[in-house]
Structure formats: structure tokens, C-alpha cells
Amino acid sequence: MALTPDPKSSAQFPSRPDDGIDEAALESVMREVPSGALALSLLTVGLLLVAWFLMYALVFLPRGMVG
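These numbers were taken from a predicted model, which means no experiment stands behind them. (Residues numbered from 1 in each chain as written. Predicted model: local features only at pLDDT ≥ 70, side-chain atom pairs only at ≥ 80, totals over all residues. Heavy atoms only, no water.)

1. Some details on the overall build of the protein
For the protein, the count of helices and strands is one helix and zero strands. Taken as a whole, the protein presents about 6700 Å² of accessible surface, with 69% of it coming from carbon and sulfur. (Helix = DSSP H or I, 4+ residues; strand = E, 2+ residues; numbered from the N terminus. Areas by Shrake-Rupley, 256 points an atom, 1.4 Å probe, with all protein chains shown as cover.)

2. Considering a nonpolar patch on the surface
Together, Val45, Leu49, Val50, Trp52, Phe53, Leu54, Met55, Tyr56, Leu58, Val59, Phe60 and Leu61 make up an exposed nonpolar region whose accessible area comes to about 1200 Å². Relative to the helices and strands, Trp52 is located in helix α1 (residues 23–63). (Patch = residues over 30% accessible without salt bridge, like charges linked within 9 Å, V, L, I, M, F, W, Y side chains within 5 Å. Salt bridge = Lys/Arg side-chain N within 4 Å of Asp/Glu carboxyl O.)

3. Some words on the packing of aromatic side chains
For the structure shown, the criterion picks out two aromatic pairs. Judged by centre distance (5.2 Å) and plane angle (80°), the rings of Trp52 and Phe53 are edge-to-face. Phe53 sits in the partly exposed class, given a relative accessible area of 49%. Pairwise contacts between aromatic rings join Trp52, Phe53 and Tyr56 into one cluster. (Phe/Tyr/Trp six-rings, centres within 6.5 Å; stacked < 30°, edge-to-face > 60°. Buried < 20%, exposed > 50% of the residue type's maximum accessible area, 1.4 Å probe, protein only.)

4. Things to note about a negative patch on the surface
A grouping of Asp19, Asp22, Glu23 and Glu27 is seen on the molecular surface, where their side chains present a negatively charged patch. Relative to the assigned elements, Glu27 resides in helix α1. A relative accessible area of 48% means that Glu27 is categorised as partly exposed. (Lys, Arg positive; Asp, Glu negative; His and termini not counted. Charge placed at Lys NZ, Arg CZ, Asp CG, Glu CD.)

Interpretation in functional terms is not warranted from these geometric data alone.
Structure, rendered in C-alpha cells:
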């Protein structure tokens, strides 16, 4: 039984040479996206650390030493 290619596959269609994307606009977007991702990750890690320190200060320290 021979396998036939899927007619709806994107590999069957040739790539378009002009997709309407301006190179200058693409450059500006690619400069902004990584800085936004970095800011989001720093905010998330910062909130995680604040939550950990609050849990440590409000839950573990009041219980005192173990033993």
C-alpha cells in the first residue's frame, strides 16, 4: 500500500516570496519582544521570591526552632 501525500499539507504549496512584511517593522518588533519577555520573567521571579520570603517570615519563623 503506497502512501499518498496529504493534499492539504503546507509542504505542497510553494512559499510566497512577498508576504507583505516590512523589514523595518520586523526589526522594531524583534527588538521589543525580547525585552517584554525579560520584563515579564523578572516580574514573575520577583513575585515568587516575595511570596517565599513572606511565607518564611509569617509561617516558619513564628513556629520557632525544631527540636
